[in-house]
Amino acid sequence: MREITEEIRQEITDMIFDYYAEECEVDRNEITMDTNPQEDLGSDSLMFVELIEMTAEKYDLDVKLQSIGKYMLKAPMDTMSDVVNMFCKIYQYGNDIVNQ
């Protein structure tokens, strides 16, 4: 298990916000932790998968989409805060995220 420091959490948050701002063509400053990625930004599942792959590559993680999918059944991604928390858990637990 990897440790989540404030620095890593901020790095992950910045990466996610920058990604959504670019892909959804919105000003990054318009995105808050309460923003709903689907309803407010018009994101889709393909963008989410791409973000997972980017994160796995950046942090050298071995993560299966199946594990993340199972986790998301228990914890839907309704806000950017949910997305950031999930990506921190992916960083921390990898495929073991299912058991969190």
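Quantities reported herein were computed from a predicted structural model and do not represent experimental measurements.

Criteria and cut-off values
- Residues numbered from 1 in each chain as written.
- Predicted model: local features only at pLDDT ≥ 70, side-chain atom pairs only at ≥ 80, totals over all residues.
- Heavy atoms only, no water.
- Core = buried A, V, L, I, M, F, W, Y, C linked by side-chain atoms within 4.5 Å.
- Buried < 20%, exposed > 50% of the residue type's maximum accessible area, 1.4 Å probe, protein only.
- Helix = DSSP H or I, 4+ residues; strand = E, 2+ residues; numbered from the N terminus.
- Contact = heavy atoms within 4.5 Å.
- Arc of directions from axis to C-beta.
- Patch = residues over 30% accessible without salt bridge, like charges linked within 9 Å, V, L, I, M, F, W, Y side chains within 5 Å.
- Areas by Shrake-Rupley, 256 points an atom, 1.4 Å probe, with all protein chains shown as cover.
- Salt bridge = Lys/Arg side-chain N within 4 Å of Asp/Glu carboxyl O.
- Lys, Arg positive; Asp, Glu negative; His and termini not counted.
- Charge placed at Lys NZ, Arg CZ, Asp CG, Glu CD.
- Phe/Tyr/Trp six-rings, centres within 6.5 Å; stacked < 30°, edge-to-face > 60°.

Structural notes on the nonpolar core
Among the nonpolar cores identified, the biggest contains 31 residues, and Ile12, Ile16, Tyr20, Phe48, Met86, Phe87 and Ile90 are the most heavily contacted of them. Secondary structure elements with two or more residues in this core: helix H1 (6-24), helix H2 (45-58), helix H3 (65-74) and helix H4 (80-93). The element best represented in this core is H1, accounting for nine residues. Beyond its immediate stretch of four places on either side in the chain, isoleucine 90 contacts Leu61, Val63, Ile68 and Ile97.

Comments concerning H3
Among all positions in H3, only Ser67, Ile68 and Tyr71 are buried. One side of H3 carries all its buried residues, which in axial view fall inside an arc of 95 degrees. Exposed residues pointing more than 90 degrees away from the buried face of H3 are listed as Gln66 and Leu73. In this structure, the buried side of H3 is in contact with H2 and H4.

Describing the environment of valine 98
On the secondary structure map, valine 98 appears in the segment after H4. You can call valine 98 partly exposed: its relative accessible area is 23%. Residues contacting valine 98, with those up to four places away along its chain left out, are Ser67, Lys70 and Lys74.

Regarding a negative patch on the surface
A contiguous patch of negative charge, built from Glu22, Glu23, Glu25, Glu50 and Glu53, is present on the exposed surface. Mapped by element, the contributors of at least two residues to the negative patch are H1 and H2. Mapped onto the elements of the fold, glutamate 50 is located in helix H2. You can call glutamate 50 partly exposed: its relative accessible area is 37%.

So, unusual backbone geometry
Backbone phi values are negative for most residues with the exception of glycine, while trans is the configuration of most peptide bonds. Although it is not a glycine, glutamate 25 adopts a positive phi angle of roughly 55 degrees. One can find glutamate 25 in the loop between H1 and H2. One non-glycine residue, aspartate 60, lies in positive phi territory at about 55 degrees. Mapped onto the elements of the fold, aspartate 60 is located in the loop between H2 and H3.

Comments concerning the packing of aromatic side chains
Using the criterion set out here, one finds three aromatic pairs in the structure. Here phenylalanine 48 and phenylalanine 87 contribute two aromatic rings whose centre-to-centre distance is 5.7 Å and whose plane-to-plane angle is 75 degrees, an arrangement assigned as edge-to-face. With phenylalanine 48 in helix H2 and phenylalanine 87 in helix H4, this pair connects stretches of sequence that are 39 residues apart. Residue phenylalanine 48 is classed as buried on the basis of its relative accessible area of 10%. Judged by relative accessible area, which is 0%, phenylalanine 87 ranks as buried. For the pair tyrosine 59 and tyrosine 91, a centre-to-centre distance of 5.1 Å together with 80 degrees between the ring planes defines the contact as edge-to-face. Separated by 32 residues along the polypeptide, tyrosine 59 in the loop between H2 and H3 and tyrosine 91 in helix H4 bring together distant segments of the chain.

By themselves these figures say nothing about function.
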